[in-house]
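# Inside the fold
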Amino acid sequence: MLSEVFQPVLDQMRGVTHKSMGVVNSTSVLVSYVGEPVGDDEAFSMISSVQGNGRPFISNGYSCVAIGTRNIMEFVVYVKGTDPEEQKLCALLAISISNLQIHCADRYDKISYLKSVLQGNVLPGDIYLRSGELQIDADVSRLVFIVQIPGNETGVVQLMQNMFPEQDFIINIDNKNIVLIKALSPGYASDFAEKTAKSIVEMINSELMLKVFVGIGTPVDSINEIARSYSEARLAIEIGRVFEGEKYILSYDELGIGRLIYQLPSKLCELFLDEIFKKDGLEVLDDETLQTIDKFFENNLNVSETSRQLFVHRNTLVYRLDKIERLTGLDLRKFDDAVVFKVAVLVSKYLTSNPSKF
């Protein structure tokens, strides 16, 4: 992580000075460099020559400065050459790298703490206290997004860090799930969450050629409630991918009846389907019929509008609806029958997803 943070500074210094320089960690490993890299023996010699943090020294033709936090030496910054200008350059580079290191250490502490809060590993009474210690504003309204990626793609984290400002937090939960804790400004628009999720999906797709799913929780007013928003975002993805498999942006607020069905025991769902479809299940309906049903529901059971959008004669649509009634015993033109059928479709999707929690 730190190597990615150090590299831009080295690149900028190289562009101005054209010098070879880099950073070696306390175990003599070269973590970042520009120009000519040091060898293993040279790196070991640098670490062996350290006499204290902030004290410049010369090692095998390199100007060096040791840096660290909490009085522990963690890195040696070096510049090739030993004349006064190169020593001065190394001192300036050490200041820049040291400041970055302190900033990243502080940021890491905040990320680690917030990850524990999301996972319920911090006592409610300790949240405000610890937030104050880490200088995290506890009373800012926030919203949690979960970005689910195909696999371990480190580039996604870096890309999202570049997309969002300092007051937002990007947390890598595991190799498939990345959390964004987004600070909300007063009076944010109602479609803010949807637009933010859309920008994430589009940016990752265009930059990394990856298809991702984004789950959205609900806004919370204080930091001790973000675990709830996180849980809602997880459910949005988990449930939404069952009932809305074609969508990439899944909001907890829009789960509807699927949220209820997902909590039902599988056996109860099977009994419900057996009762509704006494002879045959939904498999008796072909793709054309299912498409007709979907469009009919989209148009609020309006026969004329559905036939127009399907480019079929009204009588053709009526014939198809009569066919569905013969096969299922449900007349979708009647509201009660339409509700039963819609629930049955969702229950069937739920069972097809092989739920294992019951």
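Going by the structure above, here's the rest.
This report concerns the structure included in the present document. (Residues numbered from 1 in each chain as written. Predicted model: local features only at pLDDT ≥ 70, side-chain atom pairs only at ≥ 80, totals over all residues. Heavy atoms only, no water.)

Take the pattern of salt bridges next. Within the structure shown, the criterion is met by 15 salt bridges. Among the ionic pairs, Arg130 bridges to Glu133, the shortest N-O distance being 3.1 Å. Separated by 3 residues within a single helix, Arg130 and Glu133 lie in helix H4 (residues 124–133), roughly one turn from each other. Arg130 sits in the partly exposed class, given a relative accessible area of 32%. A residue is classified by how much of its surface remains accessible, and Glu133, at 51% relative accessible area, is exposed. With a closest N to O distance of 3.7 Å, Arg333 and Glu325 form a salt bridge. Taking the relative accessible area as the measure of exposure, Arg333 reaches 31% and is therefore partly exposed. Where salt bridges share partners, they join Asp322, Glu325, Asp331 and Arg333 into one cluster. (Salt bridge = Lys/Arg side-chain N within 4 Å of Asp/Glu carboxyl O. Helix = DSSP H or I, 4+ residues; strand = E, 2+ residues; numbered from the N terminus. Buried < 20%, exposed > 50% of the residue type's maximum accessible area, 1.4 Å probe, protein only.)

The next thing to look at is the packing of helix H10 (residues 287–298) against helix H12 (residues 314–328). At a minimum axis distance of 11 Å, the contact between H10 and H12 shows a crossing angle of 105°. Taken together, the axes of H10 and H12 are roughly perpendicular relative to one another. Counting all contacts with H10, which are made through Glu288, Thr289, Thr292, Ile293 and Phe296, the residues of H12 involved are Leu317, Arg320, Leu321, Lys323 and Ile324. Tallied by class, the residues present in the contact of H10 with H12 amount to 5 nonpolar, 2 polar and 3 charged. (Axes fitted to C-alpha atoms, helices over the stretch in contact; angles between N-to-C directions. Parallel < 35°, antiparallel > 145°, perpendicular 65-115°, else oblique. Contact = heavy atoms within 4.5 Å. Nonpolar A, V, L, I, M, F, W, Y, C, P; charged D, E, K, R; others polar.)

Any functional reading would require information beyond the geometric quantities listed.
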